[in-house]
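A structural walkthrough
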Amino acid sequence: MSQVRAAITGVFGYLPDYILTNDELATIVDTNDEWITTRTGIKTRHILKGEEQGTSVMVAEAIKGLLKKTNTAPEDVELVICATVTGDAIFPDTANIAAYKAGLTNSFGFDVNAACSGFLYALTVGAKMVEGGKHKKVIVVGADKMSSIIDYTDRTTCVIFGDGCGAVMLEPTTEDTGIIDYQHHADGSGEKFLYLVAGGSRKPATVDTVMAREHFVRQNGRPVFKAAVTGMTDVVQKVMARNGLDNDSLDWLVPHQANIRIIQTISKMVDFPLDKVMINIEKYGNTTAGTLPLCLWDYESQLKKGDDIILTAFGGGFTWGALYLKWAYDGSAVGK
Ligand code: UT7
């Protein structure tokens, strides 16, 4: 019997309506379009507005779109894995809140918290659940409402992040497609460079933590930049080498969208042409767990069955990794 792999059989994205431009940010903090564009590559990001609108709102919309697009009955979905650092609450988990909102009556689910690498980790877990033979329809989501943990008085972080969500359907295949290999890493000593001070069990929320603005993202950008370039370059090269991929045979590189300069540097270091690198950071900014599935969604129409694709990410933790898959269908044959 041929080997069973998990293949992505559909992708859908959700971006909130409100678009925050660089010019609007320049009215909030001391920044400007020129600095943001040249240092990050970002022009706009989407923001989820409204009272009590959590990440599950975006996840539910992405799942509903994915079900429609893949012609899947809600009751056929068995598992939802949601990568996020901005779940609706510390508990219950956002995967199950969103599944309920999307009408999935037979699924169980859980969240994966690995910051910008969350979708990679979640996709790996989802693939193993499919390969194990028990599950035939697994939805993997990357979603973050970063605006809920961003300090809009801190110009070093507020220009970078945005809200958004992408979801993929995983199904078993015995064709020569699907998820083939991965290599993931973590280094908890990286915590000091990218973190939230309060709101967890170590330092629960108090009036003082709120007054000290300790519930917002803090980042020391330069060391994170360097570690991101080194980590992603290393792991992409390793996954390419052991799968016999070279710069001609690899069709697409899908990097986490944190900074256009990080993406350009990795492309140069692995000597891989930028026109085969998926880039949409100018529209969405850094949506944390959302960046990779949103890239797949934006580029889906250009993807062909059998395309060799490597996804790579680096984020808070530190967490990083790369995953190699063969695309399972002609993207031009399906509508967005
Ligand atoms: O996705 C999770 C992982 N995160 C990342 O991968 C992010 C990695 N880091 C980065 O992308 C970059 O380090 C940043 C975009 C965060 C910052 O860019 P940078 O080129 O490293 O700038 P910097 O922090 O070294 O700051 C350079 C200057 C500073 O001014 P002085 O001290 O030279 O006078 C900053 O205060 O730029 C200033 N600055 C700004 N100026 C205008 C920082 N933010 C802004 C801003 N507008 N928004």
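Heads up: the structure comes first, above all this text.
So, here's what we can say about the structure. (Residues numbered from 1 in each chain as written. Predicted model: local features only at pLDDT ≥ 70, side-chain atom pairs only at ≥ 80, totals over all residues. Heavy atoms only, no water.)

Digging into the overall build of the protein chain
- Tallying secondary structure elements over the protein chain gives eleven helices and 13 strands in all.
- Oriented by its inertia axes, the alpha-carbon framework of the protein chain measures out at about 60 × 45 × 35 Å.
- Burial status across the protein chain gives 54% buried among its 336 residues.
- Look at the contacts in the protein chain between residues 6 or more apart in sequence, and 77% of them connect residues 24 or more apart.
- Accessible surface, the protein chain as shown: approximately 14,200 Å² in total, 53% of it carbon and sulfur. (Helix = DSSP H or I, 4+ residues; strand = E, 2+ residues; numbered from the N terminus. Buried < 20%, exposed > 50% of the residue type's maximum accessible area, 1.4 Å probe, protein only. Contact = heavy atoms within 4.5 Å. Areas by Shrake-Rupley, 256 points an atom, 1.4 Å probe, with all protein chains shown as cover.)

Examining unusual backbone geometry
- Following Phe91, the chain continues to Pro92 via a peptide bond in cis, the omega torsion being -5°.
- Cis geometry is adopted by the peptide bond preceding Phe318, which originates at Gly317 and carries an omega value of -5°.
- Of note, Phe318 is situated in the loop between strand E12 (308-315) and strand E13 (319-326).
- The phi dihedral of Ala115 falls on the positive side, at around 50°, and the residue is not glycine.
- When you line up the elements, Ala115 lands in the loop between strand E5 (108-112) and helix H5 (118-131).
- Using a relative accessible area of 13% as the deciding quantity, one classes Ala115 as buried.
- Even without glycine at this site, Arg213 takes up a positive phi of about 55°.
- Note on placement: Arg213 falls in the loop between helix H7 (207-211) and strand E10 (218-219).
- The exposure class assigned to Arg213 is partly exposed, which follows from its relative accessible area of 37%.

A look at the sheet that holds strand E6 (residues 138-145)
- Here five strands make up an open sheet; going across it, the order is E1-E7-E6-E4-E5 and the pairing mixed. Taken across any chain shown, the strands that pair with only one partner, and hence form the sheet edges, are strand E1 (5-14) and E5. Adjacent strand axes in the sheet meet at a mean angle of 20° when their direction is disregarded.
- Summarising the sheet, E6 and strand E7 (residues 163-173) pair through eight bridges and their orientation is antiparallel. Residue pairing in the sheet places Val138 in a bridge with Leu170 of E7.
- Here helix H11 (residues 291-299) sits on the sheet in contact with E1, E6 and E7, set at roughly 85° to E1. (Pairing = 2+ DSSP bridges. Axes fitted to C-alpha atoms, helices over the stretch in contact; angles between N-to-C directions.)

Remarks on the sheet that holds E13
- The strand order E8-E13-E12-E11 describes an open sheet built from four strands, whose pairing is mixed. The outermost strands of the open sheet, each flanked by one partner alone, are strand E8 (178-186) and strand E11 (252-255). Between one strand and the next, the sheet's axes are offset by a mean angle of 15°, whatever the strand orientation.
- Across eight bridges, E8 lies against E13 in antiparallel orientation. Pairing of Gln183 across the sheet is with Ala322, part of E13.
- Where H5 meets the sheet, its contacts fall on E8, E12 and E13, and the angle it forms with E8 comes to roughly 135°.
- Here H11 sits on the sheet in contact with E11 and E12, set at roughly 140° to E11.

Some details on the site of the ligand
- Near the ligand you find 22 residues, and of these Thr31, Arg39, Arg222, Asn259 and Asn286 are the closest.
- Thr31 is positioned with one of its side-chain polar atoms (N or O) 2.6 Å from a nitrogen atom of the ligand.
- Relative to its free-state accessible area of 950 Å², the ligand is covered by the protein chains to the extent of 76%.
- Taken together, the elements giving at least two residues each to the shell around the ligand come down to helix H2 (33-40), helix H6 (155-158), helix H8 (221-242) and helix H9 (260-269).
- Looking at the shell around the ligand, the element that brings in the most residues is H8, giving four residues.
- Residues belonging to the shell around the ligand are distributed by class as follows: nine nonpolar, eight polar and five charged. (Near = heavy atom within 4 Å. Polar contact = N/O pair within 3.5 Å; in protein donor to acceptor, adjacent residues only side chain to side chain. Nonpolar A, V, L, I, M, F, W, Y, C, P; charged D, E, K, R; others polar.)

Quick look at helix H4 (residues 94-101)
- For H4, the full list of buried residues reads Thr94, Ala95, Ala98 and Ala99. Projected down its long axis, H4 carries its buried residues within an arc of 135°, all on one side.
- Here the buried face of H4 lies against helix H3 (55-69), strand E4 (79-83) and E5. (Arc of directions from axis to C-beta.)

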